Amino acid sequence: MAEKLRFIVCSLQFVVGKYAHSKFSAVIKNYFITALRNFWRNKVFSVINVLGLSIGISAALIIFLIVHYEMSYDKFEKDHDRIFRVTMDVKFNGDPGTSAAVPAPLGNAIRNEVTGVDLSVPLFQFQGDATAKVTIAKNDGTTPSIYKYQPDVIFTTGDYFKLLSFQWLAGSQQAALQNPFSVVISESRAKQYFPSLNAADIIGKQIAYNDSLKTTVTGIVKDLTENTYFSALEFISLPTVYATGLKHNFMMETWNDWMGYSQLVVKLSAGTTPEKIDPQLKGLVKKYNEPASKDPNNSMQFKLQPLKNIHFDSNYQGVNQRTASMKMLYGLMAIALFLLLLACINFINLTTAQASHRAKEIGIRKTMGSSRRQLIMQFLGETLFITSIATIASIIIAPLLLKAFAAFIPEGLHFSLIHQPVLILFLVTLTFAVSIIAGFYPSIVLSSYKPVAVLKNQSAANATKTRNAWLRKTLTVSQFVIAQFFVIATFMVGKQIHYSLHEDLGFRKDAILTFRVPFDTSMSRRYALMNKIKTIPEIQLSSLGFLSPAIEGAAFNDMTYTDGKKEVKENVQIRWADTNYMKIYQLKLVAGRNVQQSDTIQEFVINETFAKTLGFQNPQDALNKQLLDNKKKIPIVGVLKDFHEGSMHAAIGPLAFTSFNKRSYNIHVLLKPENGDGMVWKNAISKLQTSFKEIYPDDDFNYSFFDENIAKFYETEKRVSGLLNWATGLTVLISCLGLLGLVIFITTVRTKEIGIRKVLGASVSNIVSILSKEFILLIVIAFVIATPIAWWAVHQWLQDFAYRTTMSWWVFAVCGLIMLAVAMLTLSIQTIKAAISNPVNALRSE
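Quick caveat, the model's predicted, so the values are computed rather than measured.

A. Spatial organisation of the overall build of the chain. Scanning the chain from terminus to terminus reveals 28 helices and 24 strands. With the principal axes as the frame, the chain shows a C-alpha extent of 100 × 70 × 60 Å. The buried share of the chain, taken over its 846 residues, is 49%. The long-range fraction of contacts in the chain, counting pairs at least 24 apart against all pairs at least 6 apart in sequence, stands at 79%. A total of about 40,400 Å² of accessible surface is found on the chain, and carbon and sulfur atoms cover 58% of it. Counting 85 positive and 62 negative side-chain charges, the chain places the averaged centre of each group 13 Å from the other.

Following this line, the structure appears as structure tokens:
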């Protein structure tokens, strides 16, 4: 291996020498050959520098790829700074909320009554999961093509194509969506539905949505290739809604209610600001929903959200809309910066530590006429050479690091230097920037040596040595402050996730499977399926109801309680199911009884929080009290022990449980315990699917385990934890590489001292202690500095949780000991080797 490297170095020297003719080329040749020789002469330190820099550069490359992708959203639209989405801030009984959806009539009202708006573009999606069943009839009468759960289908107007610049392949933009039952499709959907036809021949073809909605293709447009919020691929004319029963479903004339599938985008006139539009939007609320403009605790306010903010604002997240977190992107950028900083610190430390070894070379160069500027350029050139090698290495290891950041990489984002020239520009810029940052100070130190002093004694002045030593200590402490911070943060995030998943949530979550049945008005099929499920021997219990105890997307209702003296009005979360529901989830009653089976709402069981909100500290006192729900008095027959109906982020809120099967589309199944061969659950799922298909042959059987749904509450935290794990590993690795380089240098410099100490009787442990104690002290200082910083950062992060783990002192102690152990292990690699070496070899030259 050594011979191969030597051959490569000699070959490079020959190539450079052959093609260097001009004076400038001769200088470059000299710099290059010197860099090669220095790289070869200090192979260990060069490899440590290249490894540290390559890790930092590759991480920065991947993070730049992610950040650049996310930041590129919605930059291509013409006049994008004039495009806004209309959102809502609402209050229910004083409780604030936000919505990306708006009342359906708002689009027409803005178009007709608000000045300063060029375009008002409504966007409606199918209800449910915002997907549609698409049927393409065949001309030859054969079985039609069916595409279940097709996403990206919207109802809109022709103004949508004025808002965005589409290229039309067939059809007319002016007339495409004017009439009912018209649809425009994208090129990708055209190829999917009609693979053998060209665009012009597809015009006039029929597409059916959800079986009953039959439309005619009136246009085909090219897909948008840019990253954008506007992801629709099929566009059904909005007049279709008014011509069908969808008008009622979409609540096209309702102002005091809305659904999550109704969004609105507007384009302001040139020169118009959102501040000019806001008073007019308030006027619409006052005109069409007067109660919401008078009661501050039950209010509605429309806001204009800039297009550039839509992708980053999860407070106004639409159905099936992916958003990015600016906090997460800033966190990624901070990690890239830290890794690069650590790598640069390594380079500075190791280069300044070896400065005395190059003192004679510098003295001779200055004696021969080299100026300080030339020496600085030489040392910066050497740094650029090493950084360039690290950059090449980073390109090789970047695909491996892609796995580390897999949780943050959006679908469709790929790493390719050929197809992404911006990455090449970034790498070139980063290479020069790192070279200057890492090489500037060492070049200043090395070029400052006085030739007379150097040639008299091959070392720098004592003042310079002392200054460099203090700098190295400071930089080493800085490295381990960063590493220790990440270790503590990683430990605490993992502790909070473990707490969230394993704390008693107030219900059973294991061995429970849930699935939905299709929406229909008939109860007979649901009851028939329930009867089949009861015959499956691997199933212990089943229940027909609404959502599981803890899941996103709950239903709420306003309820009122009056005791003759005061009135309590509360927005209450509703759960409903048959009487087996509480048994499956092992929900505990602290007073009263379970509700009786009924097809209508006859009784309520409330939770402890709701009972206390009503003024009952003793749960027994709440029994038989009457709640007013939709103008109907319903008695309270039981009080449930509080359980977490959401994630640990939110406090437990008021909740009411009832029996109401007409709106029950979820089936909850408690499986029997697994046996030795692990076939009980597999057989149960297989039989469930068979039973489901017998009742609903045209629908898919999709199930999920309840404990997995609970874990989804903390996907963001798991992503953060995974990122911290990688960041911690990389920061510790780079820090330990620097530590290893320094201890190798120190043991080399103190070789004769070690030999003399051994001759005088010092033991291996004494020598290891002498060589290590200074580094251990630096790591302890780093721990003392990092602890309060990490405590503050983790404390701030935990404030997002209503229920959180404790920040115990032992967590910080364990993290400090872990870091200390890793550092001592790194130090021992070289210190033990130096301590057990033969002193004769060290003192032979004396």
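B. Focus on a nonpolar patch on the surface. The grouping of Phe-491, Trp-809, Trp-810 and Ile-818 at the surface amounts to a nonpolar patch, some 450 Å² of accessible area in total. Considering each element in turn, the nonpolar patch owes the most residues, three residues, to helix α27 (residues 809-835). With respect to the helices and strands, the residue Ile-818 is situated in helix α27. Exposure remark for Ile-818: the relative accessible area of 39% places this residue in the partly exposed category.

C. Local environment of the pairing of strand β17 (residues 567-576). The buried count for β17 comes to eight of 10 residues, which makes it a mostly enclosed element. The pairing of strand β16 (residues 555-562) with β17 spans eight bridges and is classified as antiparallel. Bridge pairing in β17 places Asp-558 opposite Asn-571. In textbook terms, the turn of a hairpin is the stretch between consecutive antiparallel strands, and for β16 and β17 this stretch comprises four residues, one of which, Gly-564, has a positive phi near 95°. Looking at chain direction, β17 and strand β22 (residues 655-658) are connected through four bridges and run parallel. When the bridges of β22 are listed, Arg-575 appears paired with Phe-657.

D. Expanded view of the nonpolar core. In this structure, Ile-66, Leu-332, Phe-507, Tyr-585 and Leu-587 are the most contacted members of the largest nonpolar core, which totals 115 residues. Residue contributions to this core peak at 16 residues, all from helix α3 (residues 43-71). Residue contacts for Leu-332: discarding those within four places in its chain leaves Ile-63, Ile-66, Phe-405, Phe-408 and Leu-723.

E. Layout of the packing of aromatic side chains. All told, the structure shown has 37 aromatic pairs when counted by the stated rule. Summarising the aromatic geometry, the rings of Phe-166 and Phe-235 are spaced 6.0 Å apart at their centres and angled 75° between planes, so their arrangement reads as edge-to-face. Of this pair, Phe-166 sits in the loop between α5 (160-163) and β7 (168-171) while Phe-235 is found in strand β11 (residues 234-237), placing the two residues 69 residues apart along the sequence. Like Phe-235, Phe-166 is buried.

F. Structural view of the pattern of salt bridges. On inspection of all chains with the given rule, the structure shows 18 salt bridges. Residues Asp-159 and Lys-162 are paired through a salt bridge, measuring 3.5 Å at the closest nitrogen-oxygen approach. The class of Lys-162 is exposed, set by a relative accessible area of 54%. When salt bridges with common partners are traced through the structure, they connect Asp-79, Arg-82, Asp-118 and Lys-267 into a single cluster.

G. Highlighting the packing of helix α24 (residues 715-749) against α27. Contact geometry of α24 with α27 gives a least axis separation of 9 Å together with a crossing angle of 30°. One element, α24, and the other, α27, form an angle in the roughly parallel class. Remark: the crossing between α24 and α27 carries right-handed chirality. Between α24 and α27, the contacting residues are Val-732, Cys-736, Leu-739, Leu-740, Val-743, Ile-744 and Thr-747 on the first element and Met-819, Val-822, Ala-823, Thr-826, Leu-827, Ile-829, Gln-830, Thr-831 and Ala-834 on the second.

H. Structural context of the sheet that holds strand β24 (residues 703-705). Strand order in this open sheet of four strands is β15-β23-β14-β24, and the pairing throughout is antiparallel. Every other strand in the sheet has two partners, leaving β15 (539-545) and β24 as the edge strands with one partner each. Across this sheet, the average inter-strand angle for adjacent strands is 20°, counted without regard to direction. One ladder, built from six bridges, connects β15 with strand β23 (residues 666-671); its direction is antiparallel. Within the sheet, the bridge partner assigned to Leu-541 lies in β23 and is Leu-670. Its contacts with the sheet put helix α19 (residues 524-534) on β14 (512-516), β15 and β23, and the angle it makes with β15 is roughly 165°. The sheet strands contacting helix α22 (residues 680-695) are β14, β15, β23 and β24, and the helix crosses β14 at an angle near 20°.

I. Representation of unusual backbone geometry. Its identity as a non-glycine residue notwithstanding, Tyr-149 has a phi of 55°, on the positive side. Looking at the element boundaries, Tyr-149 is found in strand β5 (residues 145-150). Here Asp-211, not a glycine, exhibits a phi torsion of approximately 70°, which is positive. Residue position: Asp-211 is located in the loop between β9 (206-209) and β10 (213-221). Judged by relative accessible area, Asp-211 falls into the partly exposed class, the value being 43%.

J. Spatial organisation of the packing of α24 against helix α26 (residues 764-798). Between α24 and α26, the least distance of the axes is 13 Å, while the angle of their chain directions is 160°. One way to sum up the angle between α24 and α26 is to call them roughly antiparallel. Crossing hand, α24 versus α26: right-handed. Along its contact with α24, which presents Glu-717, Leu-739, Leu-742, Val-743, Ile-746 and Thr-747, the element α26 presents Leu-771, Phe-775, Ile-779 and Trp-797. For the contact of α24 with α26, the class distribution of residues is eight nonpolar, one polar and one charged.

K. Geometry of the pairing of strand β4 (residues 132-136). Of all five residues making up β4, four are buried, and the element is well covered by its neighbours. When β4 meets β5, the two strands line up antiparallel, connected through four bridges. Across the sheet, the residue bridging to Val-134 is Tyr-147, located in β5.

L. The confidence of the model for the chain, seen in detail. Predicted confidence across the chain gives a mean pLDDT of 83, with 90% of residues reaching 70 or more. Taken as a whole, residues 458-464 scores under 50 in pLDDT and shows nine contacts with residues more than four places along the chain or in a different chain.

M. Structural detail: the environment of Gln-573. In this structure, Gln-573 sits in strand β17. For Gln-573, a relative accessible area of 4% translates into the label buried. A polar contact is formed between the side chain of Gln-573 and the side chain of Arg-575, at a distance of 2.7 Å.

N. α19, seen in detail. Turning to α19, its buried residues number three or more, namely Arg-526, Leu-529, Met-530 and Ile-533. One side of α19 holds all its buried residues, which, seen down the axis, span an arc of 100°. Buried residues belonging to α19 abut β14, β15, β23 and α22.

O. Expanded view of the state of the cysteines. Inspection of every chain in the model, using the stated rule, returns zero disulfides. There is no disulfide at Cys-344, and the cysteine sulfur nearest it, in Cys-736, is 18 Å away. Taking the relative accessible area as the measure of exposure, Cys-344 reaches 5% and is therefore buried. Left without a disulfide partner, Cys-736 is nearest to the cysteine sulfur of Cys-815, which lies 15 Å away.

P. A look at the environment of Leu-628. With respect to the helices, strands and loops of the structure, Leu-628 is situated in strand β20 (residues 626-629). The sequence separation of Leu-628 and Lys-569 amounts to 59 residues, and the corresponding C-alpha distance is 9.2 Å.

Q. Looking closely at the side chain of Thr-658. Inspection of the secondary structure puts Thr-658 in strand β22. Accessibility expressed as a relative area gives 1% for Thr-658, which makes it buried. Only 2.8 Å separates the side chain of Thr-658 from the backbone oxygen of Glu-603, close enough to count as a polar contact.

The rules behind these values
Residues numbered from 1 in each chain as written. Predicted model: local features only at pLDDT ≥ 70, side-chain atom pairs only at ≥ 80, totals over all residues. Heavy atoms only, no water. Helix = DSSP H or I, 4+ residues; strand = E, 2+ residues; numbered from the N terminus. Buried < 20%, exposed > 50% of the residue type's maximum accessible area, 1.4 Å probe, protein only. Contact = heavy atoms within 4.5 Å. Areas by Shrake-Rupley, 256 points an atom, 1.4 Å probe, with all protein chains shown as cover. Lys, Arg positive; Asp, Glu negative; His and termini not counted. Charge placed at Lys NZ, Arg CZ, Asp CG, Glu CD. Patch = residues over 30% accessible without salt bridge, like charges linked within 9 Å, V, L, I, M, F, W, Y side chains within 5 Å. Salt bridge = Lys/Arg side-chain N within 4 Å of Asp/Glu carboxyl O. Pairing = 2+ DSSP bridges. Core = buried A, V, L, I, M, F, W, Y, C linked by side-chain atoms within 4.5 Å. Phe/Tyr/Trp six-rings, centres within 6.5 Å; stacked < 30°, edge-to-face > 60°. Axes fitted to C-alpha atoms, helices over the stretch in contact; angles between N-to-C directions. Parallel < 35°, antiparallel > 145°, perpendicular 65-115°, else oblique. Left-handed = near helix turned anticlockwise from the far one by under 90°. Nonpolar A, V, L, I, M, F, W, Y, C, P; charged D, E, K, R; others polar. pLDDT = per-residue confidence, 0-100. Polar contact = N/O pair within 3.5 Å; in protein donor to acceptor, adjacent residues only side chain to side chain. Arc of directions from axis to C-beta. Disulfide = S-S within 2.5 Å.

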